[in-house]
Amino acid sequence: MTEFQRTAPDQEPEHVPEGTADREAAAGGEAGRRLSRLPSRLSSRVLSRPGDRTALLVWFFWHVAAYIYMVLAAPGRTEDPILDRLTPWDSDNFIAIAAYGYDGPPDMPDAPKLTAFFPGLPLLLRYLHVFVEDWSLAIVLVSLVASAVVAVALSRLSESYREGSGVWTVLAFFLSPFAVFMLAGYSEAPFLALAIPAWLLARRGRWEAAAVCAAFASCIRISGLFLALGLAVQFLVARNGLRGAGWRKIPWLALPGVPVLGYMLYLWGRTGDPMEWKRVEAEYWGRYAELPWTVLKNTWQRSIEDPVSLQTSYREEILAAAVLVVLIIWQLVRRRWAAFAYLAPQAVALLAMSSFYMSVGRASLLWWPLYLSVGIAGARRPWVFMAYLSVAAPVMAINVGNFTTGSWVG
């Protein structure tokens, strides 16, 4: 066993209700039979699973609670409409790319920064715009649907390690301090809706499907490459990987790099620099290589000297960085090599490739080994989950209120 405690993969029943065959025959031919089976198959795969239903209930009621808190936090702080409060900053950049391409709108003075954002989410918004005219509504709907997929996938992933832990893991995730980005029009939810299924598919030995999911994830964030590295290590150490599937599956593991290479070639033709996305990150957001202790010092100084509205955010960034370091050490101690390979490059990118800690807290949503650890430990010892809840849930509520009233968090 190379990861958490293993259990048999969930079975996916294929039961078709009695009498269906007669109705299908009346519907006409093989095509009719296939179409008529589809709803029952979807139902048997999702709605008939207690774990899936519970995960979706957590997702639903968390959203209800978050929207209630948004309303309660607004008086005296903001009068903006709900959609505007859920689509600030990066959301505007994704929408600008979707509507105008990487040239941005004519009145956007800092349009060159748009190349820092990968094209996956803007492309999805452009296609969705055919059906949803309001760009802000479209990007919030993407996060809404994607976060539902995340809930179900994370529950199934947790259950694949320890039966009965799924609901604990999903609760740990949605009550995490930076879960507000599952609500807002950002890229975390759609990325995770592809990345977590990729990890689960790999655990089940479905390497081709895992690689395809990871490739779509790479269209959305550069973190898709970290995911690809984790999958590659998992392929090497898992029983259903190299030892079971053999070398013929290895070419699939290169697939997640194709979208990144394609985007770099696009930037090369557009600007003459295939690393243009990295250059503008350095120019507009101060993301360039620094010594880790210098990055920590700079962040601490900002937490003291910057406006009060940002001081708490920087301190949360420091705490999130500490959690990431501890989490990586824990993966090493437990010899979880795939999770280590996924997390370690993120630590380098977040803690040593920026002049100060930026979006470390937000990136914590991508650390599903953290929520698996909390969920599995909580299933065994509920007091562990209660201790986590006592710290994470209040911070999550505060961050929902702050972010949706115009203050940056994470």
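Bear in mind the structure is a predicted one, so any value in this text is a computation, not a measurement. (Residues numbered from 1 in each chain as written. Predicted model: local features only at pLDDT ≥ 70, side-chain atom pairs only at ≥ 80, totals over all residues. Heavy atoms only, no water.)

All right, on to the overall build of the protein then. Within the protein, the regular secondary structure consists of 20 helices and 0 strands. Within the span of the protein, comprising 410 residues, buried residues form 50% of the whole. Expressed as a percentage of contacts within the protein between residues at least 6 apart in sequence, the contacts between residues at least 24 apart total 74%. When the accessible surface of the protein is split by element, carbon and sulfur atoms take 66% of a total near 19000 Å². (Helix = DSSP H or I, 4+ residues; strand = E, 2+ residues; numbered from the N terminus. Buried < 20%, exposed > 50% of the residue type's maximum accessible area, 1.4 Å probe, protein only. Contact = heavy atoms within 4.5 Å. Areas by Shrake-Rupley, 256 points an atom, 1.4 Å probe, with all protein chains shown as cover.)

Take the nonpolar core next. Nonpolar side chains in soluble globular proteins tend to be buried together. Counting residues in each nonpolar core, the largest one holds 111 residues, and the members touching the most others are Leu125, Leu192, Leu227, Trp367 and Trp368. Sort the elements by how many residues they give to this core and helix α7 (residues 135–161) lands first, with 13 residues. Those residues in contact with tryptophan 367 that lie beyond four places of it in its chain are Ala320, Val323, Leu324, Leu327, Leu343, Gln346, Leu350 and Val360. (Core = buried A, V, L, I, M, F, W, Y, C linked by side-chain atoms within 4.5 Å.)

Here we take up helix α5 (residues 90–100). Since the α-helix packs 3.6 residues into each turn, any two residues three or four apart lie on the same face. Within α5, 8 of the 11 residues are buried, leaving the element largely enclosed by the surrounding structure. Restricting attention to buried positions, one finds in α5 the residues Asp90, Ser91, Asn93, Phe94, Ile95, Ala96, Ile97 and Ala98. Of the surrounding secondary structure, the elements contacted by the buried residues of α5 are α4 (82–86), α6 (120–128), α7 and α18 (360–363). Downstream of α5 by one or two residues, glycine 101 has phi in the positive range, about 80°.

As annotated by UniProt and renumbered to match this structure, "transmembrane region" (unreviewed entry) occupies residues 54–74, 135–154, 166–187, 207–238, 250–269, 318–333, 340–363 and 383–404. Span residues 135–154 is 100% helix and 0% strand, its end C-alpha atoms 28 Å apart. Counted over residues 207–238, helix gives 91% and strand 0%. Its end C-alpha atoms are 11 Å apart. (UniProt positions renumbered as here; feature names shortened; annotations may be inferred.)

Relative orientation of the contacting elements helix α3 (residues 50–73) and helix α8 (residues 166–174) amounts to 20°, with a least axis distance of 9 Å. On the basis of their axis angle, the class for α3 and α8 is roughly parallel. Crossing of α3 against α8: the hand is right-handed. Here Thr54, Ala55, Val58, Trp59 and Trp62 of α3 lie close against α8, whose contacting residues are Val167, Val170, Leu171 and Phe174. Taken together, the residues of the contact of α3 with α8 break down into 8 nonpolar, 1 polar and no charged. (Axes fitted to C-alpha atoms, helices over the stretch in contact; angles between N-to-C directions. Parallel < 35°, antiparallel > 145°, perpendicular 65-115°, else oblique. Left-handed = near helix turned anticlockwise from the far one by under 90°. Nonpolar A, V, L, I, M, F, W, Y, C, P; charged D, E, K, R; others polar.)

Residues Leu57, Phe60, Phe61, Val64, Ile68 and Leu72 make up a contiguous nonpolar surface patch of about 590 Å² in total accessible area. Checked against the element boundaries, isoleucine 68 lands in helix α3. (Patch = residues over 30% accessible without salt bridge, like charges linked within 9 Å, V, L, I, M, F, W, Y side chains within 5 Å. Salt bridge = Lys/Arg side-chain N within 4 Å of Asp/Glu carboxyl O.)

A few words now on unusual backbone geometry. Across residues other than glycine, the phi torsion is negative in most instances, and most of the peptide bonds are trans. Of note in the backbone geometry, tryptophan 89 takes a positive phi value of approximately 55° without being a glycine. Relative to the helices and strands, tryptophan 89 is located in the loop between α4 and α5.

On to the pattern of salt bridges. According to the stated counting rule, one finds 11 salt bridges in the structure shown. In this structure, glutamate 283 and arginine 279 form a salt bridge, with 2.7 Å as the shortest nitrogen-oxygen distance. Placement of the pair is glutamate 283 and arginine 279 together in helix α14 (residues 276–285), with a separation of 4 residues, close to one helical turn.

With that settled, the discussion passes to the side chain of serine 313. Secondary-structure assignment places serine 313 in helix α16 (residues 308–333). The exposure class of serine 313 is buried, given its relative accessible area of 5%.

Turning our eyes to something else, we now look at the packing of α8 against helix α20 (residues 382–403). Closest axis-to-axis distance for the α8/α20 pair is 9 Å, and the angle between their directions is 25°. Judged by the inter-axis angle, α8 sits roughly parallel to α20. As α8 packs across α20, the resulting crossing turns out to be left-handed. Counted together, Trp168, Leu171, Ala172 and Phe174 of α8 and Pro382, Phe385, Tyr388 and Met396 of α20 form the full contact between these two elements. Of the residues assigned to the contact of α8 with α20, the class counts are 8 nonpolar, no polar and no charged.

The next thing to look at is a negative patch on the surface. A grouping of Glu79, Asp80, Asp84, Asp92, Glu133 and Asp134 is seen on the molecular surface, where their side chains present a negatively charged patch. Tracing the chain through its elements places aspartate 80 in the loop between α3 and α4. Look at aspartate 80 and you get partly exposed, because its relative accessible area is 45%. (Lys, Arg positive; Asp, Glu negative; His and termini not counted. Charge placed at Lys NZ, Arg CZ, Asp CG, Glu CD.)

Among the structural elements, alanine 74 can be located in the loop between α3 and α4. Between the C-alpha atom of alanine 74 and that of threonine 405, which follows or precedes it by 331 residues, the distance is 6.3 Å.

Here we take up the confidence of the model for the protein. Summing up the model confidence of the protein, the mean pLDDT is 89 and the portion of residues at 70 or higher is 88%. No element of the protein has a lower mean pLDDT than helix α1 (residues 20–27), which averages 38, and none a higher one than helix α9 (residues 188–203), which averages 98. Contacts from residues 5–44, a stretch scored under 50 in pLDDT, to residues over four places away or in other chains number 38 contacts. (pLDDT = per-residue confidence, 0-100.)

Before going further, it helps to examine the packing of aromatic side chains. For the structure shown, the criterion picks out 27 aromatic pairs. Taken together, a centroid distance of 5.2 Å and an interplanar angle of 90° make the contact between phenylalanine 173 and phenylalanine 174 edge-to-face. Accessibility classification places phenylalanine 173 together with phenylalanine 174 in one group, the buried group. Relative to tryptophan 285, the ring of tyrosine 284 lies with its centre 6.1 Å away and its plane at 55°, an arrangement referred to as tilted. Given a relative accessible area of 31%, tyrosine 284 falls into the partly exposed group. Judged by its relative accessible area of 23%, tryptophan 285 is partly exposed. Taken together, the ring pairs connect Trp89, Phe181, Tyr186, Phe403 and Trp408 into an aromatic cluster. (Phe/Tyr/Trp six-rings, centres within 6.5 Å; stacked < 30°, edge-to-face > 60°.)

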